[in-house]
Amino acid sequence: MDGTMWTVRAIEARGWGLLVGLAVVSVALFALYSGVLSVLLPAQLAEIDPEGKVAALAVVTSVSFAVTALAQPVFGALSDRTRTRWGRRVPWMLAGAVVGGATVGAMGGAETVAALTVLWAVGQFSLNGLDIASSVYLVDAFPARRRGSVAGVLGMSAIVGGAIGVVAVGRFSAEPAAGYWLLAAAVIVAVVLFAVILREPEGREPSGAREREPFRLRVFLGGFLVDPRRHPDFLWVLLWRLGFAIAYGSVYGYLLYVLTDYVGVGPAEAAELVGRATVVGGAGVVVAVLAGGWLSDRLGRRKPFILVACALVVGANVIPLVMPTTEGILVLAACMGAAMGLAIACGTALASQVLPAPDEHAARGLGIVNFATNVGQAIAPLVAASVIAVSGYPALFVVSAAVMLVSAAAILPVKESGRAAATDAVALSGRSGSQQ
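The rules behind the values
Residues numbered from 1 in each chain as written. Predicted model: local features only at pLDDT ≥ 70, side-chain atom pairs only at ≥ 80, totals over all residues. Heavy atoms only, no water. Phe/Tyr/Trp six-rings, centres within 6.5 Å; stacked < 30°, edge-to-face > 60°. Helix = DSSP H or I, 4+ residues; strand = E, 2+ residues; numbered from the N terminus. Buried < 20%, exposed > 50% of the residue type's maximum accessible area, 1.4 Å probe, protein only. Contact = heavy atoms within 4.5 Å. Patch = residues over 30% accessible without salt bridge, like charges linked within 9 Å, V, L, I, M, F, W, Y side chains within 5 Å. Areas by Shrake-Rupley, 256 points an atom, 1.4 Å probe, with all protein chains shown as cover. Salt bridge = Lys/Arg side-chain N within 4 Å of Asp/Glu carboxyl O. Core = buried A, V, L, I, M, F, W, Y, C linked by side-chain atoms within 4.5 Å. Axes fitted to C-alpha atoms, helices over the stretch in contact; angles between N-to-C directions. Parallel < 35°, antiparallel > 145°, perpendicular 65-115°, else oblique. Left-handed = near helix turned anticlockwise from the far one by under 90°. Nonpolar A, V, L, I, M, F, W, Y, C, P; charged D, E, K, R; others polar. Polar contact = N/O pair within 3.5 Å; in protein donor to acceptor, adjacent residues only side chain to side chain.

## Some details on the packing of aromatic side chains
- Taken as a whole and judged by the stated rule, the model has nine aromatic pairs.
- Taking 5.6 Å as the distance between ring centres and 50 degrees as the angle between the ring planes, the aromatic pair formed by tryptophan 240 and phenylalanine 244 counts as tilted. One end of the pair is tryptophan 240 and the other is phenylalanine 244, both in helix 10 (residues 232-252) and four residues apart, which spans about a single turn.
- What makes phenylalanine 244 buried here is its relative accessible area of 5%.
- Among the aromatic residues, those joined into a cluster by ring pairs are Trp240, Phe244, Tyr248 and Tyr252.

## With respect to the environment of tryptophan 236
- For tryptophan 236, the location among the structural elements is in helix 10.
- Expressed as a C-alpha distance, the spacing of tryptophan 236 and leucine 412, which sit 176 residues apart in the sequence, is 8.5 Å.
- The residues contacting tryptophan 236, other than those within four sequence positions of it, are Ala410, Pro413 and Val414.

## Some points on a nonpolar patch on the surface
- On the surface, Val318, Leu321, Val322, Met323, Val331 and Val398 cluster together into a nonpolar patch covering about 480 Å² of accessible area.
- It is helix 13 (residues 303-322) that contributes the most residues to the nonpolar patch, three residues altogether.
- In this fold, valine 331 is placed in helix 14 (residues 326-353).
- Assessed through its relative accessible area of 36%, valine 331 is described here as partly exposed.

## Section: the nonpolar core
- Membership of the largest hydrophobic core comes to 67 residues, with the highest contact counts inside it found for Phe244 and Met336.
- Broken down by secondary-structure element, the contributors of at least two residues to this core are helix 3 (71-81), helix 10, helix 11 (255-263), helix 12 (267-299), helix 13, helix 14, helix 15 (358-391) and helix 16 (393-411).
- Ranked by residue count, the leading element in this core is helix 14, at 14 residues.
- When neighbours within four sequence positions are excluded, methionine 336 is seen to be in contact with Tyr248, Val251, Tyr252, Val313, Ala316 and Asn317.
- Formed by 42 residues, the second largest nonpolar core is a distinct cluster that contains Ala56, Leu116, Ala141 and Tyr180.

## Brief notes about the packing of helix 11 against helix 12
- Direction vectors running N to C along helix 11 and helix 12 enclose 140 degrees, while the axes themselves pass 9 Å from each other. One finds that helix 11 runs oblique with respect to helix 12. With respect to the hand of their crossing, helix 11 and helix 12 are arranged in right-handed fashion. Contacts between helix 11 and helix 12 involve Leu255, Leu256, Leu259 and Thr260 on the former and, on the latter, Pro267, Ala270, Ala271, Leu273, Val274 and Ala277.
- Residue composition of the contact of helix 11 with helix 12, grouped by class: nine nonpolar, one polar and no charged.

## Quick notes on the side chain of aspartate 233
- On the secondary structure map, aspartate 233 appears in helix 10.
- In this structure the side chain of aspartate 233 is engaged in a polar contact, spanning 3.4 Å, whose partner is the backbone nitrogen of lysine 415.

## Concerning the packing of helix 11 against helix 16
- Relative orientation of the contacting elements helix 11 and helix 16 amounts to 135 degrees, with a least axis distance of 10 Å. Taken together, the axis directions place helix 11 and helix 16 in an arrangement best described as oblique. Residues Tyr257, Val258, Asp261 and Tyr262 of helix 11 pack against Tyr393, Pro394 and Phe397 of helix 16.
- Among the residues forming the contact of helix 11 with helix 16, the class breakdown is six nonpolar, no polar and one charged.

Structure, rendered in structure tokens:
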């Protein structure tokens, strides 16, 4: 059975099993990310360098971002070219899980900041290969008309995994080595089970794969440059993802300081309120990611939900300006959470429908989309710190809202009418041609 995607009948027959398998992998992966970044790494750095732990954490996370920034598009492009009896994605999932898991496990024995920096950079780089190889099944194995719901389920899995990771390793903060190996083992086991039970059928290859050109570095690198004249919708979606990440992260990442320096809450109460806001925002994400994904599939439209997400972020920024209270911050968190849920489900589904050459380069395209999000997340703290230092917190809310309005304007030119049906028709046409 050739073709980049399974037949619609095969998808319907095993779609739930595949989705459950991907969800389990997502839970394990994001449990590792959350457990390491929220608990184990900060606790270990506090033991290694009690006085300089804040700066040390910034160094470790900044270096790992710089090293892994291009990991997803590169691993994605390599997996697009891979042909094995296990399919294109599973080998990279296994390699990422084993190398990343072993490296993360080794972090428990690190005794210097430099060692932790190197190990976490290598581990995160490898795990990004697993991340993109598993994420691209959204395009490989599910028709466009179902991708909102699938993206919603996988987004929900990431949220659940993040919560599980923090809770699971909370008791290991004094002995991080055991916590690292617990998280690493969970990822490896989840991926191995996926590979054994739900691996791609033998011989699955995109049409024309046997005549593909030999690898040339110049051609490979040139593939990351997208012609805006041929793929304008893809570029607009990238700009939206970038702007959304900046606008969202610049405010949500500074909630603690907003509470203490703007609302006027004491440090202890502010920390407790951040926890409450996280719960409220998480509830908003859960509801929006599931409901938004399902409803956008039913209506066959993504843009209206994405524009609602942008409007929610703009409205969230207005709330603390007119209601600078703890209640106002909780409302802000609820709006931000709902916006993120819609962005995860509907934004990811739309991105999957505007990829350049999705039949041959789906993983590379999704990797570029995720790279735009990562860049936005890295820029957001710099934007927030600069605006706060120059003009204060009210200006931060205004700037965040303005960036989101520009982001919303970027999504308007995207042509969506009939997009899902056309994407499925192209996939089916490619499959039938490859089966002749």
